[in-house]
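# Structure at a glance
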Amino acid sequence: MTLPVAAAHLAGFARLLRSTGFGNVPEQTVTFLDAVRLLGPRSMTDIREAALATLAPQPDRHREFEALFRAWFWGDAVAAADGKDDEETQVKEDGGGREELPVPEESFPAGEMASSTETLAAGSFRTKTLT
Amino acid sequence: MSPSAREIAAASPEVLLARLREERYLADDGLATAIFLAIRLGKPLLLEGAPGVGKTEAAKVLANILRCDLVRLQCYEGIDAAHALYEWNYQRQLLAIRQSGDREIDIYDDRFLIARPLLQVLQAPDARLLLIDEIDRSDHEFEALLLEFLSDFQITIPERGTIAAKVRPIVVLTSNRTRELAEALRRRCVYNWIDYPDAAREAEIIMARAGDVAEATAAAIAKAVRQIRAKPLAKPPGISEAIEWANAATVLEKGGSPWPEAFRRAIGVLVKDEEDMQYLLPQLSRIVEEALA
């Protein structure tokens, strides 16, 4: 069983945060997908607010979160670089490696890297174009 | 069956935002979305932010909107299960044993059980909202105890068995972030960081909450308070202090003090730390005049 493309892309963002040391766990990814579904989503703002509420980035890392969000969903590599340079938000180098940015949606095979928990829990997620 | 207050309020984040506004709580979109998600996902809501940004008030207003009684558990260093869960009333148990003579009595009857906030909420989960206030004041052991409660919404009383909530209660936790909470606790909650409002929204809050304050006064107060919060103060003023300042300055102005003077004379309701006051006084005239400009 694989995730629909839209859900896989959302789950990919949660994994990206995890790989940069935000400390979120797969259980939160499931909640994130549920939250996006509950909100519609009607806009990227819904997705951003769902991510803030469920993946719970630490307040002192909000700038880095915003940069990664823009990089992941809009392919804004400059924003990602800005976030990386923030002296208070050093990216952990030993956390299993940072995923390449940006990753175009088309090149991300649905569900390829999703954990079994994420795959199971997102079973009911509707396929939807996010951009 | 008619929809419950919970279902009506949590129809959408926009409905919640409007209901909060009706209760004179001017939230931003992020907070309304977080409350909506907490209700709809059946998860606790964790509100973090500096003291005085309106975290506790958000829970109180939410209880009103959902037509629930607010059950507040104020955390402090050393708080334990007996204060949060339940206690047996030993004196009453002893008295009952003495009075019973040869009769057998159940000393673990409801009569002898003192329900503390967490148990109170489990007993009526759709009629009570639990506020766990200033969780960062408690210690790690208490956080672990809460984690168990927030996972299953049940309490095990060895003498009585397990008491579980029939429906998931609404639980709001607040933290001033004086220390990091356990990651496990953060992960279990829907999270929102409440920041100080921008000057325009704070002026709107002052207008909504203060008694008889002119719009220009509210705008000036909001601007000045923003400047004051940017200073390195031990206790930066919260929103409620800004409202008090607006009220006090208005009263003084009506009593005959001209405007800049009324702000300066009422400063005691805004800044309550003596060292902060000494630091601020030399700059106050300039801050007030700039805000009034």
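Our structure's up above, just so we're on the same page.
For clarity, every value in this text was computed on a predicted model and none was experimentally measured.

We now examine the overall build of chain B. Scanning chain B from N- to C-terminus turns up 14 helices and nine strands. With the C-alpha coordinates of chain B rotated into their principal frame, the extents come out at 80 × 45 × 35 Å. In chain B, which comprises 293 residues, the share counted as buried stands at 48%. Accessible area of chain B: about 14200 Å², with a carbon and sulfur share of 50%. One way to put it: in chain B the 37 positive side-chain charges average out to a point 2 Å from where the 45 negative ones average out.

A tally of helices and strands in chain A yields six helices and zero strands. The helix and strand sequence of chain A, counted from the amino end, reads α-α-α-α-α-α. Sorting the 131 residues of chain A into buried and exposed places 53% on the buried side. Taking the contacts inside chain A whose residues are at least 6 apart along the sequence as the reference set, 70% of them involve residues at least 24 apart.

Before going further, it helps to spend a moment on the pattern of salt bridges. Using the criterion set out here, one finds 25 salt bridges over all chains in the structure. R42 of chain A is the partner of E14 of chain B in a salt bridge, and the nearest nitrogen-oxygen pair spans 3.2 Å. Linking E14 of chain B in helix α2 (residues 13-22) with R42 of chain A in the loop between α2 (26-39) and α3 (44-55), this pair reaches from one chain into another. In this structure, a network of salt bridges that share partners links the residues E48, R177, E180, E183 and R186 of chain B.

In this section: the sheet that holds strand β2 (residues 69-74) of chain B. All names here are of chain B. Within the open sheet, the five strands sit side by side as β2-β5-β8-β1-β9. Their pairing is parallel. Each end of this open sheet is capped by a strand with a single partner; those strands are β2 and β9 (190-193). Neighbour to neighbour, the strand axes of the sheet diverge by 20° on average, direction disregarded. Pairing between strand β1 (residues 45-48) and β9: four bridges, direction parallel. Following the sheet pairing, L46 is matched in β9 by Y191. Against the sheet, helix α8 (residues 140-152) engages β2, β5 (128-133) and β8 (170-175), with an angle of about 155° to β8.

Before going further, it helps to spend a moment on unusual backbone geometry. Note the cis peptide between G40 of chain A and P41 of chain A, where omega equals -15°. Along the chain, P41 of chain A turns up in the loop between α2 and α3. Even without being a glycine, A56 of chain A presents a positive backbone phi close to 45°. Of note, A56 of chain A is situated in the loop between α3 and α4 (62-74). Among the residues examined, A56 of chain A registers a relative accessible area of 4% and is labelled buried. Of note in this structure, E134 of chain B is not a glycine but carries a positive phi near 55°. Mapped onto the elements of the fold, E134 of chain B is located in the loop between β5 and α8.

Moving on, we come to the environment of H9 of chain A. All names here are of chain A. Mapped onto the elements of the fold, H9 is located in helix α1 (residues 5-19). You can call H9 buried: its relative accessible area is 3%. Sequence separation between H9 and E64 is 55 residues, and the spatial gap between their C-alpha atoms is 19 Å.

This paragraph deals with the interface of chain A and chain B. In many reports, interface size means the accessible area that the parts give up when they come together. Facing the 20 residues of chain A at the interface are 21 residues of chain B. Of the roughly 1700 Å² buried at the junction of chain A and chain B (both faces included), carbon and sulfur atoms supply 59%. Linking chain A with chain B are one salt bridge, by the criterion used here. Summed over the shared surface of chain A and chain B, the number is five residue pairs in polar contact (both at pLDDT 80 or more).

This part covers the packing of α2 of chain A against helix α3 (residues 29-41) of chain B. Relative orientation of the contacting elements α2 of chain A and α3 of chain B amounts to 110°, with a least axis distance of 11 Å. Classified by the interaxial angle, the pair formed by α2 of chain A and α3 of chain B is roughly perpendicular. Each of T31, D34, A35, L38 and L39 of chain A in α2 of chain A lies in contact with α3 of chain B, whose residues at this interface are T33, F36, L37, R40 and L41 of chain B. Of the residues belonging to the contact of α2 of chain A with α3 of chain B, the class tally is six nonpolar, two polar and two charged.

Parameters at a glance
- Residues numbered from 1 in each chain as written.
- Chains lettered and ligands numbered in written order.
- Predicted model: local features only at pLDDT ≥ 70, side-chain atom pairs only at ≥ 80, totals over all residues.
- Heavy atoms only, no water.
- Helix = DSSP H or I, 4+ residues; strand = E, 2+ residues; numbered from the N terminus.
- Buried < 20%, exposed > 50% of the residue type's maximum accessible area, 1.4 Å probe, protein only.
- Areas by Shrake-Rupley, 256 points an atom, 1.4 Å probe, with all protein chains shown as cover.
- Lys, Arg positive; Asp, Glu negative; His and termini not counted.
- Charge placed at Lys NZ, Arg CZ, Asp CG, Glu CD.
- Contact = heavy atoms within 4.5 Å.
- Salt bridge = Lys/Arg side-chain N within 4 Å of Asp/Glu carboxyl O.
- Pairing = 2+ DSSP bridges.
- Axes fitted to C-alpha atoms, helices over the stretch in contact; angles between N-to-C directions.
- Buried area = accessible area lost by both parts, 1.4 Å probe.
- Polar contact = N/O pair within 3.5 Å; in protein donor to acceptor, adjacent residues only side chain to side chain.
- Parallel < 35°, antiparallel > 145°, perpendicular 65-115°, else oblique.
- Nonpolar A, V, L, I, M, F, W, Y, C, P; charged D, E, K, R; others polar.

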